[in-house]
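Given next are the chains, with one letter for each unit.
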Amino acid sequence: MEKELWITKIFNDQLADPANSLLGLAGMHAEKRPWADFVTMQILVAAIIVVLFAILRPRLNVDKPGKLQHCFEVIFDFVHGQADEQIGHDGPKYIAFCGTLFIFILFMNLIGIVPGLESPTMTPSVPAGCAIATFLYYNIVGIAAVGPLKYAGHFVGPVPLMAPLMVPIEIASHLGRPLSLTIRLFANMFAGEKVTMVFMGLVALGVPALFMGLHVFVGILQAYVFMVLTMMYVGAGVAQEH
Amino acid sequence: MTKKLFLLLALMFLASSILCAAPGTPGNPTDNGHWVPISAGFSMAIASGLCGLAQSKAIASSVEGMARNPGAAGAIRLALILGLIFIESLSLYTLVIVFAKVS
């Protein structure tokens, strides 16, 4: 019997029946304790983000920006700059998805540091969900921007004569993108936690704290890398020759 | 020429011990999965070692670039961190396989 977080315990004690009816809708049979740790942690992270932005919105002011506004202006300028650099001219159209992905993955990675809570990105399902969302997004956005024929033309490669060679390679590389996104994020978060736990069993308190600091740094950078790769894929998809 | 020939013959003689690993021979260690933890250790060590070499190349060239052109240090530092992240994740792919295979 695996240990649950206290949040998951609350969800399982109070809300087991709605979860089981949802599972029934999806065709899966009911379980005794249907809420998993990563599901409740994702809900908590989403709730925190919604509350944070709900606090931010009324405090936005053009003449007298406050501290929270300054923080988010830094984040927004950063995301906007990356979008301009990676996607080019229409970059800002795609900030909504990429920025949301960045903030969501960032908060999910960082919430594992709080004792009693766990990063939902430590289970492979959560990065897989983000990667599949990215995969669908960049394909749909690419088809919407340049049309399905021209988008399929990306797969053929530079010279149409090389199509029988290029198409399988391009399809394999496109399928490899969500896989590598998933494993990169999952492995970094999982390894960071495992390394901290292992060192906590071996050494006194100071050294595991160093590894935890590295884990925080790696978590922030992995969120950034996920966002930058999403933008690169979107940029490759919507690229048009002028 | 003779020395090389004898060296080759000696290596082939030693390599014949791989016949012990054929499935079904008594005492074959791979049948119970005994080699899984050992090969997991070796593969992780190789992955980490090669990751260390690759990251050292990245750091060395970026530090040299920052020394030659201190004005571009910011951009070089950004590219360095990004490159280190990608190289690190390559060795973590091996860790994922280790955790998947070692029960």
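Remember, predicted model here, so these are calculated numbers, not experimental data.

### Concerning the overall build of chain A
Point 1. Across its full length, chain A holds nine helices and zero strands.
Point 2. Ordered by position in the sequence, the α and β elements of chain A form the string α-α-α-α-α-α-α-α-α.
Point 3. Principal-axis analysis of the C-alpha atoms gives chain A an extent of 60 × 55 × 45 Å.

### Some points on the overall build of chain B
Point 1. Scanning chain B from N- to C-terminus turns up three helices and zero strands.
Point 2. When the helices and strands of chain B are listed from N to C terminus, the series reads α-α-α.
Point 3. In terms of overall dimensions, chain B is more spread out than a globule: its C-alpha atoms have a radius of gyration of 22 Å, far above the 13 Å expected for 103 residues.
Point 4. Every one of the 103 residues in chain B was classed for burial, and the buried ones make up 6%.
Point 5. When contacts within chain B are restricted to residue pairs at least 6 apart in sequence, those whose partners lie at least 24 apart make up 63%.

### Notes on the nonpolar core
Point 1. Among the nonpolar cores identified, the biggest contains 42 residues, and A:Cys98, A:Leu101, A:Phe102, A:Ile105, A:Phe226 and A:Val234 are the most heavily contacted of them.
Point 2. Counting residues per element, the ones that place at least two in this core are α3 (37-56), α4 (67-87), α5 (95-110), α6 (125-146), α8 (163-202) and α9 (206-238) of chain A together with α3 (73-101) of chain B.
Point 3. A per-element tally of this core places α9(A) first, with nine residues.
Point 4. Residues within four places of A:Leu101 in sequence aside, it is in contact with A:Cys130, A:Phe226, A:Met227 and A:Thr230.

### A few points about the interface of chain A and chain B
Point 1. Residue-level contacts link seven residues of chain A with seven residues of chain B.
Point 2. Among the elements of the structure, α8 and α9 of chain A are those that each provide at least two residues to the side of chain A that touches chain B.
Point 3. Top element by residues in the side of chain A that touches chain B is α8(A). It accounts for five residues.
Point 4. A breakdown of the residues in the side of chain A that touches chain B according to their chemical character gives five nonpolar, one polar and one charged.

### Focus: the environment of A:Thr134
All names here are of chain A.
Point 1. Among the structural elements, Thr 134 can be located in helix α6.
Point 2. The exposure class assigned to Thr 134 is buried, which follows from the 24 C-beta atoms found within 10 Å.
Point 3. On a C-alpha basis, the gap between Thr 134 and Leu 101 in space is 8.8 Å, while along the polypeptide they are 33 residues apart.
Point 4. Among residues more than four places away in sequence, those in contact with Thr 134 are Pro 178, Leu 181 and Thr 230.

### Side note on the environment of A:Ile183
Point 1. Assignment of secondary structure puts A:Ile183 in helix α8.
Point 2. In the structure, A:Ile183 is positioned 59 residues away from A:Pro124 in sequence and 7.6 Å away in space, judged by C-alpha atoms.
Point 3. Not counting residues within four places of it along the chain, the set of residues in contact with A:Ile183 comprises B:Tyr93 and B:Val96.

### Thoughts on the packing of helix α1 (residues 6-14) of chain A against α3(A)
Residues and elements named next belong to chain A.
Point 1. Put simply, α1 and α3 touch, their axes get as near as 9 Å, and they point 100° apart. Relative to α3, α1 is oriented roughly perpendicular. Across the interface between the two elements, Ile 7, Thr 8 and Phe 11 from α1 touch Asp 37, Thr 40 and Leu 44 from α3.
Point 2. A per-class count over the contact of α1 with α3 returns three nonpolar, two polar and one charged.

### A look at the confidence of the model for chain B
Residue and element names in this part refer to chain B.
Point 1. Looking at chain B, pLDDT values average 89 and 97% of them are 70 or higher.
Point 2. Per-element confidence in chain B ranges from a low mean pLDDT of 89 for α3 to a high of 95 for helix α2 (residues 35-68).
Point 3. Interface confidence for the predicted complex, expressed as ipTM, amounts to 0.72; the pTM equals 0.85.

The rules behind these values
Residues numbered from 1 in each chain as written. Chains lettered and ligands numbered in written order. Predicted model: local features only at pLDDT ≥ 70, side-chain atom pairs only at ≥ 80, totals over all residues. Helix = DSSP H or I, 4+ residues; strand = E, 2+ residues; numbered from the N terminus. Rg over C-alpha atoms; globule rule 2.2 N^0.38 Å. Buried ≥ 20, exposed ≤ 12 C-beta atoms within 10 Å, placed from the backbone. Contact = placed C-beta atoms within 7 Å. Core = buried A, V, L, I, M, F, W, Y, C linked by C-beta atoms within 7 Å. Nonpolar A, V, L, I, M, F, W, Y, C, P; charged D, E, K, R; others polar. Axes fitted to C-alpha atoms, helices over the stretch in contact; angles between N-to-C directions. Parallel < 35°, antiparallel > 145°, perpendicular 65-115°, else oblique. pLDDT = per-residue confidence, 0-100.

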